[in-house]
Amino acid sequence: MKPTPELLSSILEEVRPLIGQGKVADYIPALKKVPASKLGIAVCYNDGEIIKAGDAEEAFSIQSISKVLSLTLALQNYQPEEIWHRVGKEPSGQAFNSMIQLEMEQGIPRNLFINAGALVVCDMLHSRLSAPRQRMLEFVRRLSGNEHICYDKVVASSEMDHSDRNASIAYLMRAFGNFDNDVMPVLANYFHYCALQMSCVDLAKTFNYLANKGLPLGAEKTIVSQTQSKQVNALLATCGLYDGAGEFAYRVGMPGKSGVGGGIIAIVPGEMSIAVWSPELDPSGNSLAGTAALELLAERIGRSIF
Ligand SMILES: NC(=O)CC[C@H](N)C(=O)O
């Protein structure tokens, strides 16, 4: 069954009472100012049809959802083996900003979607792209069809001011020989990527290539191969929700990626990309009401990759 705007609205109303049970991220001071009452959802079909409800057009900080975009840029600029000898493909079972495994596993992050893994990817982009920030901006503007997407400079500099943990992760990897560039400029790029301001509609459109074998909305050429698109979805399904990946697979049953801004993207391969937003997070750092909305949607439209 195809979701209607009425179905999406009724799902949002069903999950709205959950607001109050989670916690808006406050370790990035600029994020804690976002009203917890925001709630939005957008679905983008592979033919470009958009169905949306709630605050679906309001831009928010995409945070770790950007890790999928930086991976996609890396796949375009590196051979797969160059990436996979620096970062793993296994779920971490640890918090997204944990350092414990990194020390035990000689500076090789478990996967690309925890902070350590994304920092390695940003290090690689820094080595090979002349203007990594500008390239990312052009890339998301093209994928979303929205020329107005920008970095939120306040969020980026707020994170830079509170970057001790991410800087420590990067320096630890550098000590193990798994970080080539100076830490600070790479961190600054990473924080800018996290500070991209996008709406649910922008996100659903942007990530439609993962539902359509690597082909972005309205494009004639793929940006990753069909095989790579399948591989990214596999990594999202196993690692995209940090130590909540198993719970998300169980409840929602779709490849997904969350960010501490409260956004989650989810993919139904061959059919549609979905984005939800609700700023309060569960203890794993995933949107609490957003996950519940995706769970209800998956159930109502009868979709799951399992
Ligand atoms: N899970 C997230 O969204 C974390 C991203 C955040 N910018 C950080 O590095 O801590």
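Residues numbered from 1 in each chain as written. Predicted model: local features only at pLDDT ≥ 70, side-chain atom pairs only at ≥ 80, totals over all residues. Heavy atoms only, no water.

Caption draft 1: Representation of the overall build of the chain. Within the chain, the secondary structure is distributed over 13 helices and 10 strands. Rg of the C-alpha trace for the chain: 18 Å, near the compact-globule value of 19 Å for 306 residues, within the 12% margin. The C-alpha extent of the chain, read off along each of the three principal axes, is 55 × 45 × 35 Å. Buried positions account for 58% of the 306 residues belonging to the chain. For the chain, contacts bridging at least 24 residues in sequence account for 70% of all contacts bridging at least 6. Carbon together with sulfur atoms contributes 50% to the accessible area of the chain, which is approximately 12,100 Å² in total. If you average the places of the 27 positive and of the 32 negative side-chain charges in the chain, the two averages end up 3 Å apart. (Helix = DSSP H or I, 4+ residues; strand = E, 2+ residues; numbered from the N terminus. Rg over C-alpha atoms; globule rule 2.2 N^0.38 Å. Buried < 20%, exposed > 50% of the residue type's maximum accessible area, 1.4 Å probe, protein only. Contact = heavy atoms within 4.5 Å. Areas by Shrake-Rupley, 256 points an atom, 1.4 Å probe, with all protein chains shown as cover. Lys, Arg positive; Asp, Glu negative; His and termini not counted. Charge placed at Lys NZ, Arg CZ, Asp CG, Glu CD.)

Caption draft 2: Seen up close, the UniProt feature "binding site: substrate" (unreviewed entry) in the chain. Cross-referencing UniProt, the feature "binding site: substrate" (unreviewed entry) maps to Ser64, Asn115, Glu159, Asn166, Tyr190, Tyr242 and Val260 in the present numbering. Note on placement: Asn166 falls in helix H8 (residues 164-175). Exposure remark for Asn166: the relative accessible area of 7% places this residue in the buried category. With residues up to four places along the chain from it excluded, the contact list for Asn166 reads Asn115, Leu119, Glu159, Leu187, Tyr190 and Phe191. Tracing the sequence through the fold places Tyr190 in helix H9 (residues 183-194). Taking the relative accessible area as the measure of exposure, Tyr190 reaches 3% and is therefore buried. Among all residues touching Tyr190, those that are not within four sequence positions of it are Lys67, Asn115, Ala118, Leu119, Cys122 and Asn166. (UniProt positions renumbered as here; feature names shortened; annotations may be inferred.)

Caption draft 3: Examining the sheet that holds strand E6 (residues 196-198) more closely. Spatially, the 3 strands line up as an open sheet ordered E4-E6-E5, and their pairing is antiparallel. Each having just a single partner strand, strand E4 (60-61) and strand E5 (150-151) make up the two edges of the open sheet. Judged from the 2 bridges that link them, E4 and E6 form a sheet pairing that is antiparallel. Bridging across to E6, Phe60 finds its partner in Met198. (Pairing = 2+ DSSP bridges.)

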